[in-house]
Amino acid sequence: MRVGGKSEEVRSRTAIEKGQWALCRVEIDGKTIRLWVDNEKVAEAKSGFRAADVYPAGVAKRNFVAAARGGKNPFHGAIEHFRIFHVVHPDFTNIPEVPMVSSRRISPDYPQRFAEKYADYPIKQMRATEKLQEDELHVFYTNFYAAVNERRAEMQRSDEGDRLEKEIEALKSEMSRKRNELTAAFNARPDIEAARARSNELNQRLNARRAEVRKEQYAEEMADIDQRARATGQRVNEIREAARVAMADHLAPLQEEIDKLTEDLNARRSELQENDPDAVSNRAERRAAEEELAKIDRQQDPEGHARWQATIRSLDDKHREISNELFREDASLRDMQRRIDQRRSVMRSMLESQARLIDPGFDAAARANHRWGPFNQERQAIQDIIDTIPDIAAIKEEMEGLNGFVGEGLRAFVGEGLEDIDSRIKAKEAQLRDAQRDAAVAMNWDEFNALPGGWTANQQLNAIRRSFMARELPFMTEYQRRFHAAVAAQRKWHTEVDWDDRLDWEKQPFEELTPTVQNWLRRIKPYLYQ
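Residues numbered from 1 in each chain as written. Predicted model: local features only at pLDDT ≥ 70, side-chain atom pairs only at ≥ 80, totals over all residues. Heavy atoms only, no water.

Account for the environment of Leu 132, naming residues and giving values.
You can see Leu 132 is positioned in helix α2 (residues 121–132). The buried category is assigned to Leu 132, whose relative accessible area is 2%. Measuring from C-alpha to C-alpha, the distance between Leu 132 and Arg 465 comes to 7.2 Å, with 333 residues separating the pair along the chain. Excluding its chain neighbours within four sequence positions, the residues that come into contact with Leu 132 are His 138, Arg 465 and Phe 468. (Helix = DSSP H or I, 4+ residues; strand = E, 2+ residues; numbered from the N terminus. Buried < 20%, exposed > 50% of the residue type's maximum accessible area, 1.4 Å probe, protein only. Contact = heavy atoms within 4.5 Å.)

Below you can see the structure in the form of structure tokens.
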């Protein structure tokens, strides 16, 4: 190496054994250079060499790893990896393993090795996320911000505000009912019924004419698209099946958890329905209705038969409403459903990742077979050409006019009918905001303003989460971002260290730099700035 214009060399007297892997290490502190092989020191020499001297800004890049200056005398052998530390560790044998990330060009097998090494990362991330919910600090701040939000709500609460909230809820219910009534009234108009009937007739004619043209003029093109689509779909299914087989050992425990959670969820649902008075009454009414229906001969009393069928459908609708309300109010059900959805999402993510490893073209094939994918775009391109045929274009134009007449007319009719109630709701909501502010002012406006809001809470909890995940999953917390950044770096070879962008000021005339920068340059690069 060249230091201050002089050549220096540190060399071990013992050669590395040929055909065997060796762990080599170089320690440089600006005073001494030490060489280590398999954690044994093999050479040491005094030297003022610093890493900052290797790539001075504005100077042509002539330095290489595993080669002499200018790339001469390259290293003859294989390098599995190399790592640059900013400090000399007291014990290099206990440092964490080298993370499989790269900011530069990566080898072709790197993505596969990386994904295989972290194949179970989504599962570990899910486990860590669930463990986070029990973390003492996370629980404390979650409860703290829940109490803060309750306090803020309490400070905004007043008799006037409660009254306005009830009035707003009543107005919204009234708006929903009125919207349904207006829609029904609009659809019952003779001109609208006639327009819909004409549109349906035109639609049938349009589809028949399009099919005729496709058969006569584009049969081969459509058959080719369909054949390629089927082949691609079969390929996607085969890749997904291979991914399921490859990931079976990882996914089996997740599927067992899903089955157990689903069983518990269904048991809890049955328990809620069996103990709820409204649900019990609904089931009794339905059994009675079924008994009455069984007594009626459909041929002799069609009206009575239809009436009891309608009663049963109504009771079924009521049963769904009762069940949905019970499920919404039960926290344990919500938690079980969330955990089921989470595990299913993890399984999908792992299968998709494995599918990409099996076949790098999996993503493109899956997109091609999507409803908005290339195959459908090809079909649509043919459809667009067919729609330019004069008689087809005329049918389509008339149908679009009728649909626009009905759609725009409905929006205008309903909007005009709801205009008054909508303005009343907005006025009440403005009054509610004023009432909430006045209540907070009357109680303690300074305290209300001092209480942290949702943004502060999320910021704090996210910081806790990042810290926790970094402890639980070393080298894996930035898995996705760093991995994709490494893959994206495949776009080009990096042939220089891009420090010049950060040290542009060093290219300026030395006399124009600040005294602090001048002193720093004299200290680290005395051979250039003395």
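If you had to explain the sheet that holds strand β3 (residues 24–28) to someone new, which residues and values would you point to?
The pairing of strands in a sheet comes from backbone hydrogen bonds and takes either a parallel or an antiparallel form. With respect to topology, 3 strands assemble into an open sheet ordered β3-β4-β5, the strand pairing being antiparallel. Every interior strand has two partners, whereas the edge strands, β3 and β5 (40–46), have only one. Averaged over neighbouring strand pairs, the angle between their axes works out to 15° when direction is ignored. With 5 bridges connecting them, β3 and strand β4 (residues 32–37) associate as antiparallel partners. (Pairing = 2+ DSSP bridges. Axes fitted to C-alpha atoms, helices over the stretch in contact; angles between N-to-C directions.)

Can you lay out the packing of aromatic side chains for me, pointing to particular residues and giving the numbers?
Going through the model one piece at a time under the given rule, you end up with 7 aromatic pairs. For the pair Phe 140 and Phe 144, a centre-to-centre distance of 6.3 Å together with 10° between the ring planes defines the contact as stacked. Taken together, the positions of Phe 140 and Phe 144, both in helix α3 (residues 136–156) and 4 residues apart, correspond to about one turn of that helix. Ring centres 6.3 Å apart and planes at 85° place the aromatic pair Tyr 141 and Phe 144 in the edge-to-face group. Of this pair, Tyr 141 and Phe 144 both sit in helix α3, 3 residues apart, which is roughly one turn of that helix. When its relative accessible area of 22% is taken as the criterion, Tyr 141 is described as partly exposed. Phe 144 sits in the partly exposed class, given a relative accessible area of 35%. Aromatic ring contacts, followed pair by pair, group Phe 140, Tyr 141, Phe 144 and Tyr 145 into a single cluster. For Arg 25, the ring lying beneath its charged end belongs to Trp 36, and the centroid distance is 4.5 Å. Over the ring of Phe 448 we find Arg 152; its NZ or CZ atom is 4.4 Å from the centre of that ring. (Phe/Tyr/Trp six-rings, centres within 6.5 Å; stacked < 30°, edge-to-face > 60°. Lys NZ or Arg CZ within 6 Å of the ring centre and 35° of its normal.)

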